[in-house]
Each structure stands twice: as structure tokens, then as C-alpha cells.
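Residue-level structural notes
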Amino acid sequence: MNASASPLAVSSSLPRAVRVTTGKDYMTIFFGLWLIGGIFVDGYAHNHGVVETFFTPWHAILYSGFMASALWMAWLLYRAKRATGLSWVKAAPVGYGLGLIGVGIFLLGGLFDMYWHVVFGIEKNIAALLSPSHLMLLTGGILILSSPYRACWHNERMVKPGWGEFAPAFLSLVITTGGVSFFLMYAWMFRYNLPAASTVQWYMYNFGSGVIAEDNEARGLSYILVDTIVYMVPVFLFMKRWALPFGVMTAHFTIISVLMNVLDGFANYQSIIIAFAAGLLGDICYRALKADQPAREWARRVVAAVLTVALWGFYFAWMHVTDEIGWAAELWAGAIVEATLVSLGVQLLAAQRPSVKG
């Protein structure tokens, strides 16, 4: 029986290991989008003060998405066991083993979350993102959502994929990044716009030019660096493993920005335009420099720098036009340079290492 006729295909690289087909990866993504959608709807509800108990419509979306994902992955495991005759532990499809562990972690986290709410009440603000039960949900969710990405990573035949083949890996890692960015919403610069002249003036009016105003600058710089890592790490992982189809960076930057805008009802929709423009410039640079060729590591480093400079350069340019920049030129320009250096540093860590010959 060939791979196209069966929902499961036997991997050539791993003896008797079962590989989930692209169509099944798409189904995993569908349930993952249901799950991540519930997370962001629940986040919107928290941010607008409409959550009162554990039993809410927002939690219903979240946990029904989890149940759908859990049942789907359990079915894949069952089919894999039947196809291979291996034990339950060894029969997990390629890339899905950690996802099945994530199902267990998420389930325990959900039960713990219900207990936590009953005992300690409903968390608010940053406390809601740092409660142990919610961090368990994050851990389990990351393992579940990233399963198609891991499966594609271990598919040695997938080197220069088109969008049809690449979409499960792309969406898997992007929505996983979305889950991480959700838990870092308190450090999302586009929600606060700390360098804006109006924000700086507000701090000066209320606190003067003392320590709090200076701390606000340090806080803003920290946000820029954190957001740079969130945006760029998936790009580096994609470039390390595959020759990318055009539009990957544009779509990645845009989707993350759209998800984060859900939390505030798209009040900061300009960030979507900024992210789209930066991602598009990155895609053009990637194609123009032929960064998909393995030997052109320097080109991928140029892409890393261009993406970062574009993202924050466009951000400060938009701010200059709409509200003026309240930071000194050395501060906002230095923030762009430092973010670019961080991006290049992470790219070096993610880059392909040359083989060492003895």
C-alpha cells in the first residue's frame, strides 16, 4: 500500500516508524488553530474584565479545542500501533511523541487550573500569565501545536518544499510561537508604544524626570529585544532546515501580529501593517540574495539583519509620523542596532555548523 492510499506512511529513515501524511498534519493544524483561537479569545476576555469563573464560554472554546486535538492524536497513535505492532510508546508517529506527552501535561494543567481558580480565585493581569497551572497549559500546548513542525523536520525528502507541502510545518511553528507570544503579552511593545512622545510626556507629567521615567526607557528597550527574539527565532529555524517558498517571513510576521492584536480588539492594527512590510522586505531579500542555497550562510545573516532593521525602523518611522518619537535619537537608533545584534547573535546559534573532518 503506498503513502497516498493510506493515512499513514512508513518512514524510510526510521525502521517501522510511522509517518503521518501531509493531509493528517493539516488536520492536526486545524485542531491546533481551534486550540490557539480559544487561548486568544480567553486572553481578550481576561483583558476586558469579563471572566468571573473557571466555567466560561472562553474556557469552553479553549478546552474543547484541546479535547479535539487530544482525541485526534490518540487516534493517530492507535492507527500507528495497528500498522506497526510496536508498543504504545514506540508506535507514536514521527514528530508526535512529544505532542502526546503534551496532551497529558495539558490535561493535568487543566485540572490543576480548575483547582487553582476554586482555591485562589481568578488571576488578573500578569499574575494570570504566571500562575503555575497556566504555565503547565503553555508547556502542554507548545508540545501539541509543534507536532507537525517536528514531523516535517524529520522528513528527509522535504528539502525545497512548495507551500502545499510546507504549510503544516509553517503553521505549526507559527501558532506555537503565537502561544509563546501570548504569555509574553506584557512585553509586547506594540501594545504600549513606550517610545511615543505622548507616552513619554505622560510619564514626565506624572512622575517627573526621575527614576521611573528612566526605568520606562529600560523597559521599552527590553520589550524590543524580547519581541525581536519572538519574531526571529522561527525564521532562523525555517531557514536552517528548508529552502523557503516566497512569503514565509511576510506570513509569519503578519500572523503573529494579527494574533496579538486580538487581545486588544485590534486597537493597535498599525503593527500588522508594519510587520507585513518588514516581512515582505525580508522575503524579497531572501530571494534576491539566493539565501536558500546551503553555502550562502552570509546571505541568511543579511536577511536576519534586514528583517530586524526593517521591523523596528518602520515602527519608529510610523511613530515619528503619527505621534513623534519621545526618546532621544541615541536611544531609539541604538535600540534598532542592539536588536539587530541580538538577532544576528541568535542566527549564529541557529546556523548550520560545518562538518568537522578528522
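Bear in mind the structure is a predicted one, so any value in this text is a computation, not a measurement.

1. A short note on the overall build of the protein chain
- When helices and strands are counted, the protein chain shows 14 helices and 2 strands.
- For the protein chain, whose C-alpha radius of gyration is 22 Å, the value lies close to the compact-globule estimate of 21 Å for 358 residues.
- Referenced to the eigenvectors of the C-alpha coordinate spread, the extents of the protein chain come out at roughly 70 × 55 × 35 Å.
- Here the protein chain holds 358 residues, and 49% of them are scored as buried.
- As displayed, the protein chain has an accessible area near 16700 Å², and 69% of this comes from carbon and sulfur atoms.

2. Some remarks on helix α12 (residues 270-288)
- Its 19 residues place the ends of α12 27 Å apart at the C-alpha level, agreeing with the 27 Å of an ideal helix rising 1.5 Å per residue.
- If you check which residues of α12 are buried, you get Ser271, Ile272, Ile274, Ala275, Ala278, Gly279, Gly282, Asp283, Cys285 and Tyr286. For α12, the angular spread of the buried residues around the axis is 165°, confining them to a single face. Exposed residues on α12 whose side chains face more than 90 degrees from its buried face are Ile273 and Ala288.
- Buried residues in α12 make contact with α8 (189-192), α10 (211-241), α11 (248-262) and α13 (297-322).
- Backbone geometry just after α12 places Lys290 at a positive phi near 55°.

3. Describing a nonpolar patch on the surface
- A surface patch of nonpolar side chains, amounting to about 350 Å² of accessible area, comprises Met27, Phe30, Trp34 and Ile61.
- With 3 residues, helix α1 (residues 22-47) is the single largest residue contributor to the nonpolar patch.
- Overall, Ile61 belongs to the partly exposed group, its relative accessible area being 32%.

4. Some words on the pattern of salt bridges
- Within this structure, the stated rule accounts for 3 salt bridges.
- Across the pair Arg191 and Asp264 runs a salt bridge, and its minimum N-O distance is 2.6 Å. Remark: Asp264 occurs in the loop between α11 and α12 and Arg191 occurs in helix α8; sequence separation between them is 73 residues.

5. Notes on the domain arrangement of the protein chain
- You can read the domains of the protein chain as domain 1 (18-187) and domain 2 (189-357).
- When each unit is reduced to the centre of its C-alpha atoms, the spacing between domain 1 and domain 2 is 26 Å.
- Taken together, the 29 residues of domain 1 in the interface contact 30 residues of domain 2.
- For the pair domain 1 and domain 2, the two sides together bury roughly 2600 Å², of which 73% comes from carbon and sulfur.

6. A short note on the packing of α10 against α13
- It is the contact of α10 with α13, at a shortest axis distance of 11 Å, that shows an interaxial angle of 145°. As α10 runs across α13, the sense of the crossing is right-handed. Only Arg300, Val303, Ala304, Leu307, Thr308, Leu311, Trp312 and Phe316 of α13 make contact with α10, whose side of the interface consists of Ile224, Asp227, Thr228, Tyr231, Met232, Val235, Phe236 and Met239.
- Tallied by class, residues from the contact of α10 with α13 come to 12 nonpolar, 2 polar and 2 charged.

What counts and how
Residues numbered from 1 in each chain as written. Predicted model: local features only at pLDDT ≥ 70, side-chain atom pairs only at ≥ 80, totals over all residues. Heavy atoms only, no water. Helix = DSSP H or I, 4+ residues; strand = E, 2+ residues; numbered from the N terminus. Rg over C-alpha atoms; globule rule 2.2 N^0.38 Å. Buried < 20%, exposed > 50% of the residue type's maximum accessible area, 1.4 Å probe, protein only. Areas by Shrake-Rupley, 256 points an atom, 1.4 Å probe, with all protein chains shown as cover. Expected span 1.5 Å × (residues − 1). Arc of directions from axis to C-beta. Contact = heavy atoms within 4.5 Å. Patch = residues over 30% accessible without salt bridge, like charges linked within 9 Å, V, L, I, M, F, W, Y side chains within 5 Å. Salt bridge = Lys/Arg side-chain N within 4 Å of Asp/Glu carboxyl O. Domains from an automatic or database assignment. Buried area = accessible area lost by both parts, 1.4 Å probe. Axes fitted to C-alpha atoms, helices over the stretch in contact; angles between N-to-C directions. Left-handed = near helix turned anticlockwise from the far one by under 90°. Nonpolar A, V, L, I, M, F, W, Y, C, P; charged D, E, K, R; others polar.

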